[in-house]
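Chain and residue survey
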Amino acid sequence: MGQFSGGCSWSFPILVLLGFQVATALARGPRGEALQHGQSGTLPRFLEEPVDAYIIKSNPIKLRCQARPALQIFFKCNGEWVHQSQHMSQEHTDVVTGLKIREVMINVSRQQVEDFHGPEDYWCLCVAWSHLGTSKSRKASVRIAYLRKNFEQDPQGTEVPLNGMIVLHCRPPEGVPVAEVEWLKNEEPLNVGDDGVISQRGDHDLIISEARLSDSGNYTCVASNIVAKRRSATAMIVVYVNGGWSSWTDWSACNVRCGRGVQKRSRTCTNPAPLNGGAFCEGMSVQKSMCNTVCPVDGSWGEWSEWSVCSSDCDRQRSRECTAPEPKHGGRLCDGVALAAENCTGGLCTQNRKLLHDAKPQGVERTSDVALYSGLAAGVVTVVLLIIAVTLYRRSQTNPLLINSSMQPDLTVSRTYTSPICFQDSIDKELMAEHSLLNPLPDLKTKGATERAEYHVMSHPQTFPRGLAPDYRGVAVGTTLGRRGKNLFTPRVFQTLSRPLHKATAVFGHAGGRLVVPNTGISLLVPHGGIAEDTTWEMYMSINQEDSSTVPEDGAEIFLSPTVTYGPPGLDLSSPIAMTIAHCAEVAADNWTIRLKRHIQDNKWEEVMSVDEESTSCYCLLEAQRCHLLLEQPGRYALVGEALNQEAAKRLRLAVFGSPDPSNSLGFTLRVYSVDDTPYAFQEVVVGERRRGGRLLEEPKIMLFKGNTFSLQVSIQDVPRLLWSIKPFTTCQEFSFSQVWASNRCPLQCAFSLERYSLSTSQLSCKISVRQVTGEEQILQIYTSVVEQNEKGVAPFFTQSDCTITSQTGSKAFKIPPSIRQRISATFDTANANGKDWQLLAQKLHIDRNLGYFACQESPSSVILSLWEAQHQDAGDLDSLASALEEIGKVQSPREAATFGCSKEDSELTRLG
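As a convention, each chain's residues are numbered from 1 in the sequence order in which they are written. In keeping with the model being predicted, local features are shown solely for residues with a pLDDT of at least 70 and side-chain atom pairs are shown and tallied solely at 80 or more, while totals for entire chains, interfaces and linings include all residues. The side-chain values count all of the structure's non-hydrogen atoms but skip hydrogen atoms and water molecules.

Here we look at the overall build of the protein
Here a helix means four or more residues in a row that DSSP labels H or I, a strand means two or more in a row labelled E, and each is numbered from the N terminus. In terms of helices and strands, the protein carries 14 helices and 51 strands. Under the scheme applied here, a residue whose accessible area is under 20% of the maximum for its type counts as buried, over 50% as exposed, and between as partly exposed, the area being computed with a 1.4 Å probe on protein chains only. Among the 913 residues that make up the protein, the fraction classed as buried is 45%. All accessible areas in this document rest on Shrake-Rupley with a 1.4 Å probe, and a residue is counted as covered only by the protein chains that are shown. When the accessible area of the protein is evaluated, it comes to approximately 46500 Å², of which 51% is carbon and sulfur surface.

What about the pattern of salt bridges?
When a carboxyl oxygen of Asp or Glu lies within 4 Å of a side-chain nitrogen of Lys or Arg, that pair is called a salt bridge. This model, assessed by the stated rule, comprises 30 salt bridges. E114 is the salt-bridge partner of R110, the closest N and O atoms lying 2.9 Å from each other. Taken together, the residues span about one helical turn, with R110 and E114 both in helix α3 (residues 110-115) at a distance of 4 residues. Across the pair D215 and R212 runs a salt bridge whose closest N-O atoms are separated by 3.1 Å. In this structure D215 comes out as buried when scored by relative accessible area, which is 2%. Each of R260, E557, R595, K597, E607 and E642 takes part in a single network of salt bridges with overlapping partners.

Points about the nonpolar core
Counting 70 residues, the largest nonpolar core has Y566, L670, F752 and I768 as the members making the most contacts within it. Counting residues in hydrophobic clusters, the runner-up holds 35 residues, among them C281, L851, L865 and L878. Think of a nonpolar core as a cluster: buried Ala, Val, Leu, Ile, Met, Phe, Trp, Tyr and Cys residues, connected wherever their side-chain atoms sit within 4.5 Å.

Some words on unusual backbone geometry
Cis geometry marks the peptide bond from R68 to P69; its omega dihedral reads -25 degrees. Going from V176 to P177, the amide bond is cis rather than trans, its omega being -5 degrees. Structurally, P177 can be placed in the loop between β14 (175-176) and β15 (180-185). Its identity as a non-glycine residue notwithstanding, H846 has a phi of 60 degrees, on the positive side. Note that H846 resides in the loop between α9 (838-844) and α10 (851-855).

A look at the state of the cysteines
Cysteine sulfur atoms are paired as a disulfide whenever they fall within 2.5 Å. In this structure the tally under the stated criterion is 8 disulfides. Residue C170 pairs covalently with C221 via a disulfide, S to S 1.9 Å. As the torsion about the S-S bond is roughly -75 degrees, the C170-C221 disulfide counts as left-handed. One end of the pair, C170, is in the loop between β13 (166-168) and β14; the other, C221, is in strand β19 (residues 217-224), with 51 residues separating them in the sequence. In this structure C170 comes out as buried when scored by relative accessible area, which is 0%. Among the residues examined, C221 registers a relative accessible area of 0% and is labelled buried. A sulfur-sulfur distance of 1.9 Å marks the disulfide that ties C258 to C295. Measuring the twist about the S-S bond at about 100 degrees, one finds the C258-C295 disulfide to be right-handed.

Concerning the sheet that holds strand β35 (residues 577-582)
Two strands pair if DSSP finds at least two bridges between them. With respect to topology, 6 strands assemble into an open sheet ordered β38-β39-β35-β31-β30-β51, the strand pairing being antiparallel. Strands at the two margins of the open sheet, each flanked by one partner only, are β38 (619-622) and β51 (807-809). When strand polarity is set aside, the average angle formed by the axes of neighbouring strands in this sheet is 10 degrees. Throughout, a residue-residue contact means that at least one pair of heavy atoms, one from each residue, lies within 4.5 Å. The convention used is that axes are lines fitted to C-alpha atoms, helices contributing only their stretch in contact, and that angles between N-to-C directions extend from 0 to 180 degrees. Packing of helix α11 (residues 860-871) onto the sheet brings it into contact with β30 (513-517), β31 (522-526), β35, β38 and β39 (626-631), and relative to β39 it is tilted by some 150 degrees.

Thoughts on the packing of aromatic side chains
Only the six-membered ring of Trp is used, alongside the rings of Phe and Tyr, when aromatic pairs are assigned; centres must lie within 6.5 Å, and planes under 30 degrees apart are stacked while those over 60 apart are edge-to-face, with the rest tilted. Applying the stated criterion to the full structure yields 14 aromatic pairs. Measuring from ring centre to ring centre gives 6.4 Å for Y566 and Y637, while their planes differ by 20 degrees; the resulting arrangement is stacked. Of this pair, Y566 sits in strand β34 (residues 564-567) while Y637 sits in strand β40 (residues 635-643), and the two are 71 residues apart along the sequence. Through successive ring pairs, a cluster of aromatic residues spans W592, F705, F737 and W741.

Notes on the confidence of the model for the protein
On a range of 0 to 100, pLDDT expresses the predictor's confidence in each residue. Summing up the model confidence of the protein, the mean pLDDT is 76 and the portion of residues at 70 or higher is 73%. In the predicted structure, residues 352-368 sits below a pLDDT of 50 and forms 6 contacts with residues beyond four places in sequence or in another chain. Contacts for the low-pLDDT stretch residues 790-802, under 50 throughout, to residues beyond four places or in other chains number 16 contacts.

Some details on the side chain of D94
Residue position: D94 is located in the loop between β6 (88-93) and β7 (100-108). As used in this structure description, the phrase polar contact means that two N or O atoms lie within 3.5 Å; if the pair is within protein, one of them must be able to donate a hydrogen and the other to accept it, and residues adjacent in sequence are counted only when both atoms belong to side chains. A polar contact of 2.5 Å, which involves the side chain of D94, links it to the side chain of R68. Within the structure, the side chain of D94 is placed 3.1 Å from the backbone nitrogen of V96, a separation counted as a polar contact. Ignoring anything within four residues of it in the chain, the contact list for D94 reads R68, L99 and I101.

What to know about a nonpolar patch on the surface
Patches were defined on residues exceeding 30% relative accessible area and lacking a salt bridge, with like-charge contacts within 9 Å and nonpolar side-chain contacts (Val, Leu, Ile, Met, Phe, Trp, Tyr) within 5 Å. On the surface, a cluster of nonpolar side chains totalling about 450 Å² of accessible area is made up of V380, V381, V384, L385 and I388. Here V384 lies in helix α4 (residues 363-398). Judged by relative accessible area, which is 42%, V384 ranks as partly exposed.

Thoughts on helix α12 (residues 879-890)
For α12, built from 12 residues, the straight-helix expectation of 16 Å at 1.5 Å per residue is met to within 8% by its first-to-last C-alpha distance of 16 Å. Of the positions making up α12, those classed as buried are L881, A882, A884, L885, I888 and G889. Across the axial projection of α12, the buried residues extend over an arc of 160 degrees, all falling on one side. Multiply 1.5 Å by the residue count of a helix minus one, and that product is the helix's expected span. Picture the helix axis, draw a direction to every C-beta atom, and the arc is the one those directions span.

Description of the packing of helix α8 (residues 818-829) against α11
Between α8 and α11, the shortest axis-to-axis distance is 8 Å and the interhelical angle comes to 130 degrees. Judged by the angle between their axes, α8 and α11 are oblique. Here α8 runs over α11; the crossing is right-handed. Of the residues in α11, those in contact with R821, I824, S825, F828 and D829 of α8 are P860, S861, S862, L865, S866 and E869. A per-class count over the contact of α8 with α11 returns 4 nonpolar, 4 polar and 3 charged. Angles below 35 degrees are treated as roughly parallel, those above 145 as roughly antiparallel, those between 65 and 115 as roughly perpendicular, and all remaining angles as oblique. By convention the crossing between two helices is left-handed if the near helix lies anticlockwise of the far one by an angle smaller than a right angle, and right-handed if it lies clockwise. Under this grouping Gly is polar, as are all residues other than the nonpolar Ala, Val, Leu, Ile, Met, Phe, Trp, Tyr, Cys and Pro and the charged Asp, Glu, Lys and Arg.

Describing helix α6 (residues 679-692)
Helical geometry note: an α-helix holds 3.6 residues per turn, so side chains three or four residues apart project in the same direction. Its 14 residues give α6 an end-to-end C-alpha distance of 20 Å, which sits within 8% of 20 Å, the value for a rise of 1.5 Å per residue. Taken together, the buried positions of α6 are occupied by Y680, A681, F682, Q683, E684, V685, V686, G688 and E689. Buried residues in α6 make contact with β32 (537-543), β41 (649-660) and β42 (667-676). Directly after α6, the chain includes G693, whose backbone phi takes a positive value near 80 degrees.

What about the side chain of T593?
Mapped onto the fold, T593 is located in strand β36 (residues 592-600). According to the relative accessible area criterion, T593 is buried, its value standing at 13%. Apart from residues lying up to four places away in sequence, T593 is in contact with S610, V640, G641, E642 and L644.

So, the sheet that holds strand β1 (residues 45-48)
Spatially, the 4 strands line up as an open sheet ordered β1-β3-β7-β6, and their pairing is antiparallel. Sheet topology places β1 and β6 at the edges, where each strand pairs with a single neighbour. Strand-to-strand, the axes of this sheet are offset by a mean angle of 25 degrees, without reference to chain direction. In the sheet, strand β3 (residues 61-68) pairs with β7 via 7 bridges, with the strands oriented antiparallel. Residue pairing for β7: I61 is matched across the bridge by V108.

So this is what it looks like as structure tokens:
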């Protein structure tokens, strides 16, 4: 930096030496002695020495040097003197000591440092002169400051269990001076060492010895020096908690008061609850156990004892005990008296030494005669009244009064009975069982006035899994329990020649789609992305109608849904399909064990899962009328149920149709159907009635049929006898319990044939009572015109807006747009610091059981959304999904919302909804 070169560099020190010699000569004089003792009594001492400096960008640095006493101060850099012209110096006198203080400063530029090439850094020092000699300062190095951009090692995100150790490595970028490192957590400085849990090693690594839930977050390593500040890549730390089971609850009380029932106990995955993607508890959350409640035993009287010997009071006694059996377990006591007494007769006892029959007063004979004559008179009056009644009945048959009824029957009511209402005694029952009207001939009307009642059982072949039977508790089909084994109704099974094909087929690709069998309650959802790109599958779904199984022996299980097949075999999907099946079980109480079964070869069925249990092979979400299944293997499936007690019930749909009798201009036929409450079963009835021109006369009603072995009775009531006639003993018809309980897809039908007395009668009003003995009753109110109408169709039976579309492909088949679906899946499939993962999504969508199934899926959130799509296929908006995402978004800060990307989905879904 402008140092003297050649001779000039030597002339400057020589001049300095000459100056010292002159000063020495002067010191020898009187004044010089003073100077020696005053100002020049010591060597120069540095008050300020040059310090190490760094050049930032292109800004030069200043080196300072200050000494006293000093006659001159010069800088020497890299072993060479700095030219005097580059020195900036000033001098002043210390007011305390009177010594001179000299201060010198030079500038060092970036160019000077870059041009220097030596074994060590660029350096400078000061040399100060006084009368006694020279002093040198320390060396000050001058370096160019910098900080490179890339970290030598970025911290890596990780997932650790609670109380585990976290080590985050950080190697800052190379720089001069060496960069200092600090850590940020969620963009806030991290206090290291305050709690003794978080520490930082000398190599800048961050160590958390025992991870806490609060340690979850985004960690950043920040390196900085005098030049710049650099940030590492952000490392996400997720502290997860594996779920643990709570203790089992106590066993619940048996759900029946008498007999075989079920009790259960449960536990929850809350000890602790899984958080931040932690593993869900393995095993079952509910255990069921069979229980037997001791039934109350009502007391009953034993045999009477022998009569005692007549006493002197002319009476005798006998007794009995309530021991056959004794009342137990809260049973009723015996009704009646335990001790009976009567007067002795037959000459066994005397009074005043005379036999009792001899001592009888005369008034007794008179009283007996009066009673005899009164009985004869009552009998004569009864016979006369009976003759008059028969005469009036015959006249009314030949001369009917054509009076139009103006009274409408009452609305439907529900009542509970404890005894049958159709028969008065066993003679009537046997007469009806032997009557020719009780031999049903399907689809064949009998001619003649004596046969006006028809019985039909529309039964189609069905498939029963192994362990399923149409009988209950071994009762044979065609028998009525509690009727002394008499066969009241023996239906015939027939096949309809023309039946609709319950099948849907479509070709699906990567975009997925939906397959629907119209008007059956059966649908199938192929998820978006479930089929590989550039691949298509022709898929089908059908309701099986062929009989391919044998009737099992135990009869413990029955079908609760149609048997549905989807395929083709060998279908390869990356995520499960969602199938929806309608069922007829009343699932409000725990009276059923419902299982999903799959048909295998040789007419055998295997159990896939129980609805109440947890499984990783498939998922079952049971609702009141439908069941949503997540399946991965094509095949034939059905829901079957086993009644745990007599309170188990299935839903029956009751409907009455009517049409004029084509063989009799005065006739009109009412047909009453009882089918399982599924859309598919009722559609069978609709198709048949449309073919024969029937009209729906009353809105179908739902009835709960209990598994208590009692039969189903159908009766017609309040028929205007003056306008219509119906043959006696045909007003009540009965189905055995086993026929109804295992009816499945086979509609049960009975018919009432009526005949009006005159063509002027155009209205028919009556009631149809359908009831289970000792059970529920439903009333179907009939008020209709019997005149032939032009319209051949029946009233509309289905309320679906579009009953003919069988398939939809691509985005139009889904409620959730694909872009929104992908963002939701990407957001919740990855665990984050605040527990906003797929488990929370499932909880907000009320899918909170068998979460272990979703944990095994590649994209749990996508499978959850497929199940949501199946649940809401009939809904028209996205309100429930948008509300769930809004609830999740409320617990996040704006920064977190930007990080996890939920707020955007919330707003878009809200607009879509």
